[in-house]
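Analysis of the macromolecular model
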Amino acid sequence: MRLLKVAAIALALVSGVSFATPESPKQGAEYQPLRAPQPTQASGKQVEVVEFFMYHCPACNAIEPELAAWVKKRGDSILFRRIHMPHGPEGDPESRLFLALDSMKLEKDMHEKVLAAWHVEHRRLRSDADNLEWAVKNGIGKDTFLAHYNSFSMNARLKGLARAMENYGVQSTPTLIVDGRYLTTPNMVFESNKGLAGTQVVGATLQVVDALVAQAARGK
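The following paragraphs examine the structure supplied in this document. On a predicted model such as this, the values are computed, not experimentally measured, just so you know.

To continue, consider helix H3 (residues 93-103). Given 3.6 residues to a turn, an α-helix orients residues that are three or four positions apart in the same direction. Across the eleven residues of H3, nine count as buried, placing the element largely inside the fold. Burial in H3 covers these residues: Pro93, Glu94, Ser95, Arg96, Leu97, Phe98, Leu99, Ala100 and Leu101. On its buried face, H3 is in contact with strand S2 (47-53), strand S3 (78-84), helix H4 (107-119), helix H5 (128-137), helix H6 (142-149) and helix H7 (154-168). At the N-terminal boundary of H3, the capping side chain belongs to Asp92, with an oxygen 3.1 Å from the backbone nitrogen of Glu94.

Set out below in structure tokens:
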């Protein structure tokens, strides 16, 4: 997991003081506004929540059970989606796997399986060959997988991930974006609430997201 820049952490600490709480998050402490609001894919009263993650990120794997339960609990009140933070050069196999699964409408179903490959089975999917072997083992046809993995649009979509990271101002994973306007991370929540035990950080982060979702919903 990439660390937040020192300046961002300092801002969170200075702004948070003792008044910051996950139930009533403070700007500059548990969350920060984006430099410029980004378009969302939500419709009607729904509020979009985006997770920036990386498959190899231990913290992303650690928050997944609670995050998945939270998404299920929120139901149709939110539109949840993921964006894989670019990792390495433009050919980045991790991001390419994410985009291939996404284009096949399989990413949601396969997300936990990819995380398990990395963090439970300790299979490092660091190459195109590793990804192909994993896909076939998990029931995806070789030709179908390669057609999506090597599609004409893949390079443009990889560049799109880099643009998204820049537009949202994301510097670490996992990062959660609410309504294209607010950014929070478990690290920000922990730094702003020094009394939190490690096991409480994910739940507290989701409390912050709940509060931001409610704030965004009031504006719709």
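Following the structure, the description resumes.
Taking 1.5 Å of rise per residue, the 13 residues of H4 would be expected to cover 18 Å, and the 17 Å separating its terminal C-alpha atoms lies within 8% of that figure. Next to the buried residues of H4 lie S2, helix H2 (58-74), S3, H3 and H5.

Let us now look at the environment of Tyr31. Within the secondary structure, Tyr31 sits in the loop between helix H1 (6-16) and strand S1 (32-33). Tyr31 sits in the buried class, given a relative accessible area of 6%. Each C-alpha atom of the pair Tyr31 and Thr184 lies 4.6 Å from the other, and the pair is 153 residues apart in sequence. Look past the residues within four positions of Tyr31 in its chain and what remains in contact with it is Pro25, Lys26, Tyr182, Leu183, Thr184, Met188, Leu212 and Gln215.

Turning next to the packing of H2 against helix H9 (residues 201-218). Two quantities define a packed helix pair, namely the angle between the axes and the distance from one axis to the other. The geometry of H2 relative to H9 is characterised by a closest axis approach of 10 Å and an angle of 30° between their N-to-C directions. By the angle between their axes, H2 is roughly parallel relative to H9. For the crossing formed where H2 meets H9, the hand is right-handed. Of the residues in H9, those in contact with Ile63, Glu66, Leu67, Trp70 and Arg74 of H2 are Val202, Gly203, Leu206, Val209, Asp210 and Val213. Residue classes in the contact of H2 with H9 are distributed as seven nonpolar, one polar and three charged.

Attention shifts here to the nonpolar core. For soluble globular proteins, nonpolar side chains are generally found buried alongside one another. Counting residues in hydrophobic clusters, the biggest one holds 37 residues, and the most contacted among them are Tyr55, Leu101, Trp134 and Phe145. Membership of the second largest hydrophobic core comes to 21 residues, among which are Tyr31, Leu67, Val202 and Val209.

With that settled, the discussion passes to the side chain of Ser95. Looking at the element boundaries, Ser95 is found in helix H3. A distance of 2.5 Å separates a polar atom in the side chain of Ser95 from a polar atom in the side chain of Asp92. Setting aside residues no more than four positions away along its own chain, Ser95 makes contact with His84, Met85, Pro86, His87, Leu158 and Leu161.

With that settled, consider the pairing of S2. For S2, the buried fraction is high: seven of the seven residues fall into the buried class. Residues Val47, Val49, Glu51 and Phe53 line one face of S2 and the alternating positions Glu48, Val50 and Phe52 line the opposite face, and both faces are buried. Of the crossover connections in this fold, the one passing from S2 over H2 to the parallel S3 is right-handed. By the bridge criterion, four bridges tie S2 to strand S4 (residues 175-178) in an arrangement that is antiparallel. Residue pairing for S4: Phe52 is matched across the bridge by Thr175.

The residue after Thr173, namely Pro174, is reached through a cis peptide bond having omega -5°. In this structure, Pro174 sits in the loop between H7 and S4. For His122, which is not glycine, the phi torsion reads 60° and is therefore positive. As for its position among the elements, His122 is in the loop between H4 and H5.

With that settled, consider the sheet that holds S3. Judged by pairing direction, the sheet is mixed, and its five strands sit side by side in the order S1-S5-S4-S2-S3 without closing on themselves. Here the strands that pair on one side only, and so sit at the sheet edges, are S1 and S3. As paired elements, S1 and strand S5 (residues 182-184) share two bridges and run antiparallel to each other. Each bridged residue has a counterpart across the sheet, and for Gln32 the counterpart in S5 is Leu183. In this fold H2 packs onto S2 and S3, with an angle of close to 155° to the strand it touches most, S3. Most of the contacts of H3 go to S3, to which it runs at about 145°, and overall it touches S2 and S3.

Analysis parameters
Residues numbered from 1 in each chain as written. Predicted model: local features only at pLDDT ≥ 70, side-chain atom pairs only at ≥ 80, totals over all residues. Heavy atoms only, no water. Buried < 20%, exposed > 50% of the residue type's maximum accessible area, 1.4 Å probe, protein only. Helix = DSSP H or I, 4+ residues; strand = E, 2+ residues; numbered from the N terminus. Contact = heavy atoms within 4.5 Å. Polar contact = N/O pair within 3.5 Å; in protein donor to acceptor, adjacent residues only side chain to side chain. Expected span 1.5 Å × (residues − 1). Axes fitted to C-alpha atoms, helices over the stretch in contact; angles between N-to-C directions. Parallel < 35°, antiparallel > 145°, perpendicular 65-115°, else oblique. Left-handed = near helix turned anticlockwise from the far one by under 90°. Nonpolar A, V, L, I, M, F, W, Y, C, P; charged D, E, K, R; others polar. Core = buried A, V, L, I, M, F, W, Y, C linked by side-chain atoms within 4.5 Å. Right-handed = clockwise from strand over helix to strand, strands pointing away. Pairing = 2+ DSSP bridges.

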